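Below are the chains, spelled out letter by letter.
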Amino acid sequence: MTARVARAAFPKGCLAMRVRDELGVLFQDADFAAAFPARGGPGLAPGMLAVVSVMQFAERLTDRQAADAVRSRIDWKYLLGLELEDEGFHFSVLSGFRTRLVEHSREQVVLDRLLARLSGLGFLRAGGRVRTDATHVLALVRDVNRLEFCAETLRCALEALTVAAGDWLRAARIADVSWQERYGQRADSYRLPKGDVERGDFAVQVGVDGFALLEAVHRPDAPAWLRQLPAVQVLRRAWIQQYHRGGEHGEGVRWREGKDLLPGRFRLVSPHDTDARCAVKRGMIWDGYKVHYSETCDNDLPHLIVNVATTHAAVDDSRLVATVHEHLERRGAEPGEHLVDGGYTSAAIILTARAQGIDILGPLPPASDRQTRANKGFALTDFQIHWDEEYAVCPKGAKSRYWGSTRMDGQPRTVVIFPEWDCRNCKVRTSCTSGFTRRLTLHPREEHELLQQQRVAQETDAWKQRFAKRAGVEGTISQAVGTTGIRRSRYRGQAKTALAHVFSAAAINLHRIDAHLTGRPIGTTRRTHFADLDLNPPPRRKTRTRRP
């Protein structure tokens, strides 16, 4: 007896059954053939495991719970086309399946095949409107301070060496009983010294011990493979980032000051997840990653996630625009209009997208000159720029004396300088510059003209009305957080975290197709009762006093 016989026993709105009825078979085994060997005994169908992985995120289940659902729930058996007597599989199979996808770079296949199926059914088309936004993702590691990080990194290296070559570590005679007291347990704040001076001394001691271990591993008589252990490599990177070492013979270990540390995009934050990075955004600090969701937002079609990208937390949003457009073109979902916030925009990005036929709609930052920021004095827009003749004219009619090229942050810029003798004698010099002469820094001509036009346009009501459509992507992030729990990674490492985000995007798409087919309206923004409470006191009525 197959699961199809029991189909009538389930409600019409059951997600698993509707997916099978309306979408059919989502994934073929051939889609994942590159991740599996061609020879050997028969195994579980990878297409079925892909469906289970997506449904696991759709219902926010663990591996064990998903395997139990395959074994015990008839709606899942119907979705997978299994016999009612099928006993399913061990939950560890799902972890192995994810590892195979990551090792063979097949992370995006699930979303690719699902979108291709939805496009064939008419739920997705090219040339529409897409909006993108990002949110933070916490790594699956404990938050630690710098001292805990260094002590834990050394402990992990000692643990790995003990397992791999315990006899060598004992014979090397670099570790004694005091090392076991310092690194025998996980580094926690309550085990560390309490005073600032004591903690500083402990940090130096950890650094000395770490360098001693690295020297021992790199001795000529030490096995060469020891230095290739991942934990030893992490220790080496961490000590370069966290410590200075001076002196003729390598003594003088010194902990780096905060201003001497590497930027967050390069610095390790945990020995247990070397891909995670630290980032700060609007006062929030987190260690981990960032996920970018791009969804369609046409009024006549369901809003589907057409791309998901995962980076470490310190990557700037603007670096993702070209990648998103590339993936959308590959999937046949390239947009005509792309709505983004200010983190994704720049004049160069907008011009590049226009050359590809994509109109990026997002706010550009105001000019950075002091006069524009203070809204006082002569701003950049008050100057006449003669690009062909290569000179500029100030609001009082003075002509620039220098026009040259330079680079800022690797990008080409034009520098314009006005003559000092004109600026010194100008009666309104204080409204123009605080120095002896005015200096302008210009973007390339096309970018400069676009900046001026865009900054004027984005203050109009028509532009704001168009851009208001972008706000809906916040609801997508809210749904992803509530439905699939994307704010904290389930796995360690950027590759598996990215795979989890692909599964979450596919799961959200299934929920949205189900809502579209059943006519369930999109939820509105929720507000608390207290937020809706009118706390403004009512106006007092004026009373007239009668004269006697």
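Anything mentioned here points back to the structure above.
The rules behind these values
- Starting from 1, residues in each chain are numbered consecutively following that chain's sequence as written.
- With the structure being a predicted model, the display of local features is reserved for residues of pLDDT at least 70 and the display and counting of side-chain atom pairs for 80 or more, all residues being used for whole-chain, interface and lining totals.
- Only hydrogens and water are set aside when side-chain values are computed; all heavy atoms of the structure are taken into account.
- Partly exposed describes any residue whose relative accessible area lies between the buried limit of under 20% and the exposed limit of over 50%, with all areas from a 1.4 Å probe on protein chains only and scaled to the type maximum.
- A helix here means a DSSP run of H or I that spans at least four residues, while a strand means a run of E at least two residues long, and both kinds are numbered starting from the N terminus.
- Of all possible arcs, the one meant is that of the directions from the helix axis to the C-beta atoms.
- We call two residues in contact when some of their heavy atoms are within 4.5 Å.
- We define a salt bridge as a contact between a side-chain nitrogen of Lys or Arg and a carboxyl oxygen of Asp or Glu at a distance within 4 Å.
- Working convention: axes come from line fits to C-alpha atoms, limited for helices to the stretch in contact. Angles between N-to-C directions cover 0 to 180 degrees.
- We call two directions roughly parallel when the angle between them is under 35 degrees, roughly antiparallel when it is over 145, roughly perpendicular when it lies between 65 and 115, and oblique otherwise.
- Residue polarity follows a fixed list, in which Ala, Val, Leu, Ile, Met, Phe, Trp, Tyr, Cys and Pro are nonpolar, Asp, Glu, Lys and Arg are charged, and the others, Gly among them, are polar.

Participant: For helix α12 (residues 347–355), give the residues involved together with the corresponding values.
Facilitator: When we look at burial in α12, the residues that qualify are Ala347, Ile349, Ile350 and Ala353. The buried residues of α12 occupy one face: seen down the axis, they fall within an arc of 165 degrees. In this structure, the buried residues of α12 make contact with α11 (321–330), β8 (359–361) and α15 (445–457). After α12 finishes, the residue Gly357 shows a positive phi value of roughly 85 degrees.

Participant: Can you explain the pattern of salt bridges? Please cite residues and give values.
Facilitator: Scanning all chains against the criterion turns up 30 salt bridges. Of the charged contacts, one joins Asp300 and Arg125 as a salt bridge, the two residues approaching to 3.0 Å between their closest N and O atoms. Here Arg125 lies in the loop between α6 (109–120) and β1 (129–138) and Asp300 lies in the loop between β5 (284–296) and β6 (305–312), a separation of 175 residues in the sequence. We classify Asp300 as exposed; its relative accessible area is 51%.

Participant: Tell me about unusual backbone geometry, and name the residues and values.
Facilitator: The backbone of Ser105 shows a phi angle near 55 degrees, a positive value even though the residue is not glycine. Phi is positive for Asn375, close to 55 degrees, though the residue is something other than glycine. With respect to the element layout, Asn375 can be found in the loop between α13 (370–374) and β9 (384–386). Note on Asn375: relative accessible area 72%, which makes it exposed.

Participant: Summarise the packing of α12 against α15; cite the residues concerned and give the values.
Facilitator: Relative to each other, α12 and α15 sit at 100 degrees, their axes nearing to 9 Å. It follows from the interaxial angle that α12 and α15 lie roughly perpendicular. Together, Ala347, Ala348, Ile350, Leu351 and Arg354 of α12 and Glu446, Glu447, Leu450 and Leu451 of α15 make up the contact between the two elements. Residues that form the contact of α12 with α15 fall into these classes: six nonpolar, no polar and three charged.

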